Amino acid sequence: MTDKNLRLEGIYPQRQKEFFMQRVKLPAGIISADQALKVAQLARRHARGLVHLTTRGSIELHWLTEADLPVVAAQLAQVGLYNRGACGGAVRGVICGSLSAAGAPALEALVRRIHRHFTGNPRFEKLPKKFKIGVEADTTSKRHLIQDLAFIPAASDDGRSRYDVYAAGGLGREPVPGFLLAQGVAEDALLPLIERVLVEYEANTPPPKRLKYLVGQIGQEEFRRRVLGDALEELPPPALTLTGSLVPVPAADEDRLEAHVFAGELSADGLAALADIAGRFCGGMLMVTGNQTVVMHLAQGGDRNEALLALAQAGFANESAAERVVFRVCPGNHECIMGLAATREVAAAVVAELGDAALQLSWAISGCPNCCAQPQLAQAGIVASRLVSDQAGRTPRFDLYRAGAGAFAEPVQQGLNLTELLAEVRKI
């Protein structure tokens with residue numbers, strides 16, 4: 001298979017040339033206990049006993065050989081996990097960071113509807129670059145600003161589900177916040193709207209540019225005219241289902257359990273333990289969050305104290321700063337071809353430097369300017385911006401970002417070596 005076809009199957013070559021990464025799409029980050037056990041089993045056999053939780057609620061298996069790839073794909077398919085479009089020029093995994101919010105079942109159902117429609121859809125597998133979609137309960141997290149398309153529930157006076165639509169956001173080397181494309185769009189018109197946007201994007205954008213490039217070229221009003229100029233077709237509403245929500249809806253905040261996973265690196269044994277806890281107490285469902293944690297909701301009758309004890313026994317007691325801090329971390333140069341810095345080591349050094357003081361802020365570190373860890377959405381973000389030759393050889397330089405009044409955090413210090421970065425972190 002060509003590299004392009006491998007990417008459509010969710011596969012990237014690793015920094016180590018003989019190895020590959022397999023990404024697994026999880027709609028809204030949801031995975032069943034049985035599926036998680038299968039992933040844990042595959043990680044033990046093929047991925048050095050580790051899985052990586054991504055900042056978009058997906059799971060990655062690293063250190064796979066070429067011979068491993070078809071075996072892993074077949075085993076994942078046995079439990080209903082598919083990877084088509086997890087990488088490459090396709091609609092990526094649809095995210096939702098609001099599955100603990102009121103109205104979460106409706107959000108979850110919409111995410112799964114979009115996921116089903118576009119996963120493996122050959123009409124939309126030759127896009128100029130990746131296309132990211134998110135559904136959120138509100139705008140608090142600002143994650144709606146970094147999607148190609150994002151949907152936020154809107155007020156409705158006719159009893160129909162409606163959404164405000166944001167478009168053309170993205171981070172990377174040229175961060176651009178998404179803009180409000182349309183207000184109060186009926187849910188049953190969202191799939192036709194997505195298709196219109198994708199057709200316009202594919203036809204008028206040179207590879208490897210994102211949607212934000214097209215909007216930057218033609219302007220928001222012209223883009224709006226092209227995709228909203230004619231009345232949107234509305235699909236028939238989906239038939240009623242007995243599984244409107246796969247995840248138990250929490251009756252209170254106390255029904256939400258969270259296992260922190262530092263730097264997104266989770267052992268196969270840890271994942272298997274969480275799957276067991278989900279099966280016993282949480283309706284057999286787990287959620288991978290954008291903060292690289294695993295969240296579970298207690299099912300009706302689930303014993304919170306027993307569940308917390310089981311979490312602690314599995315190594316998720318959340319006692320140290322590293323076990324509690326929100327610190328999004330990409331794989332960096334540990335495995336990624338683009339990585340300029342050992343992100344996990346830098347994140348650990350920052351937390352060791354600050355101890356419990358690190359808990360006062362949310363953090364993120366990206367190993368290159370592509371910003372996969374979303375440092376511009378953290379209260380304190382770190383980007384490995386370049387490599388510099390010095391007495392120690394080729395070493396990374398870091399830019400430090402702080403959240404302010406704008407849509408995204410902005411760099412306040414640039415070109416820092418690790419020692420200087422830690423000194424600036426202490427001042428925070």
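Residues numbered from 1 in each chain as written. Predicted model: local features only at pLDDT ≥ 70, side-chain atom pairs only at ≥ 80, totals over all residues. Heavy atoms only, no water.

### Focus on the UniProt feature "domain: Nitrite/sulphite reductase 4Fe-4S" (unreviewed entry) in the chain
Reasoning step 1: The sites that carry the UniProt feature "domain: Nitrite/sulphite reductase 4Fe-4S" (unreviewed entry) are, in the present numbering, residues 109-229.
Reasoning step 2: The distance from the first to the last C-alpha atom of residues 109-229 is 28 Å, and the span holds 35% helix and 19% strand. (UniProt positions renumbered as here; feature names shortened; annotations may be inferred. Helix = DSSP H or I, 4+ residues; strand = E, 2+ residues; numbered from the N terminus.)

### Points about the pattern of salt bridges
Reasoning step 1: Per the counting criterion, the structure on display carries 22 salt bridges.
Reasoning step 2: Where Arg123 meets Glu195, a salt bridge forms, and the shortest distance between an N and an O atom there is 3.2 Å. Separated by 72 residues along the polypeptide, Arg123 in the loop between helix 4 (104-118) and strand 6 (133-135) and Glu195 in helix 5 (residues 190-204) bring together distant segments of the chain.
Reasoning step 3: Here Asp158 makes a salt bridge to Arg162, at a shortest N to O gap of 2.7 Å.
Reasoning step 4: Of the residues examined, Asp158 reaches a relative accessible area of 37% and is grouped as partly exposed.
Reasoning step 5: Residue classification places Arg162 among the buried residues on the basis of a relative accessible area of 19%. (Salt bridge = Lys/Arg side-chain N within 4 Å of Asp/Glu carboxyl O. Buried < 20%, exposed > 50% of the residue type's maximum accessible area, 1.4 Å probe, protein only.)

### Here we look at the sheet that holds strand 14 (residues 327-329)
Reasoning step 1: Spatial ordering of the open sheet is given by 14-15-16-17-18, a layout of five strands whose pairing is mixed. Looking along the sheet, the strands with just one partner apiece sit at the ends: strand 14 and strand 18 (410-416). The sheet shows a mean angle of 20° between the axes of neighbouring strands, taken without regard to direction.
Reasoning step 2: In the sheet, strand 14 pairs with strand 15 (residues 363-366) via three bridges, with the strands oriented parallel. Across the sheet, Val329 pairs through a bridge with Ile365, a residue of strand 15. (Pairing = 2+ DSSP bridges. Axes fitted to C-alpha atoms, helices over the stretch in contact; angles between N-to-C directions.)

### Section: the sheet that holds strand 8 (residues 162-167)
Reasoning step 1: Strand order across the open sheet formed by four strands is 6-7-8-9, with mixed pairing between neighbours. The sheet is open, and its two edges are formed by strand 6 and strand 9 (179-186), each paired on a single side. Within the sheet, the average angular offset between the axes of one strand and its neighbour, ignoring direction, is 20°.
Reasoning step 2: With respect to the sheet, helix 5 is in contact with strand 6, strand 7 (149-154), strand 8 and strand 9, its orientation differing from that of strand 7 by roughly 155°. (Contact = heavy atoms within 4.5 Å.)

### Notes on the side chain of His62
Reasoning step 1: Inspection of the secondary structure assignment puts His62 in strand 5 (residues 59-64).
Reasoning step 2: Overall, the relative accessible area of 9% leaves His62 in the buried class.
Reasoning step 3: In this structure, His62 is in contact with Gln14, Phe20, Met21, His46, Ala47, His52, Pro331 and Glu335, ignoring residues within four places of it in sequence.

### Notes on the environment of Val215
Reasoning step 1: The residue Val215 is located in helix 6 (residues 211-218) in this model.
Reasoning step 2: Distance in space between the C-alpha atoms of Val215 and Tyr201 is 9.3 Å, their sequence separation being 14 residues.
Reasoning step 3: Not counting residues within four places of it along the chain, the set of residues in contact with Val215 comprises Ala168, Phe179, Gln220 and Phe223.

### Side note on unusual backbone geometry
Reasoning step 1: Going from Pro207 to Pro208, the amide bond is cis rather than trans, its omega being 0°.
Reasoning step 2: Phi is positive for Ala28, which is not a glycine, with a value near 60°.
Reasoning step 3: Overall, Ala28 belongs to the buried group, its relative accessible area being 5%.

### Comments concerning the packing of helix 5 against helix 7 (residues 220-228)
Reasoning step 1: Interhelical geometry of helix 5 versus helix 7 gives an angle of 120° and a closest axis separation of 9 Å. On the basis of the axis angle, helix 5 is oblique to helix 7. Seen along the crossing, helix 5 lies across helix 7 with a hand that is right-handed. Between helix 5 and helix 7, the contacting residues are Leu193, Arg196, Val197, Glu200 and Asn204 on the first element and Phe223, Arg226, Val227 and Leu228 on the second. (Parallel < 35°, antiparallel > 145°, perpendicular 65-115°, else oblique. Left-handed = near helix turned anticlockwise from the far one by under 90°.)

### Section: helix 2 (residues 33-46)
Reasoning step 1: Here helix 2 is 14 residues long and its end C-alpha atoms lie 20 Å apart, about the 20 Å a rise of 1.5 Å per residue gives.
Reasoning step 2: For helix 2, every residue scored as buried is listed here: Ala33, Gln35, Ala36, Lys38, Val39, Ala40, Leu42, Ala43 and His46.
Reasoning step 3: Buried residues belonging to helix 2 abut strand 3 (30-32), strand 4 (50-53), strand 5, helix 3 (68-78), helix 8 (268-281) and strand 12 (285-288).
Reasoning step 4: Following helix 2 by one or two positions, Arg48 has its phi on the positive side, about 60°. (Expected span 1.5 Å × (residues − 1).)

### So, the pairing of strand 17 (residues 393-402)
Reasoning step 1: Counting buried residues in strand 17 gives seven out of ten residues, a clear majority hidden from the surface.
Reasoning step 2: Summarising the sheet, strand 16 (residues 380-390) and strand 17 pair through ten bridges and their orientation is antiparallel. Looking across to strand 17, one finds that Ala384 is bridged to Phe398.
Reasoning step 3: The sheet contact formed by strand 17 and strand 18 spans four bridges and is antiparallel.

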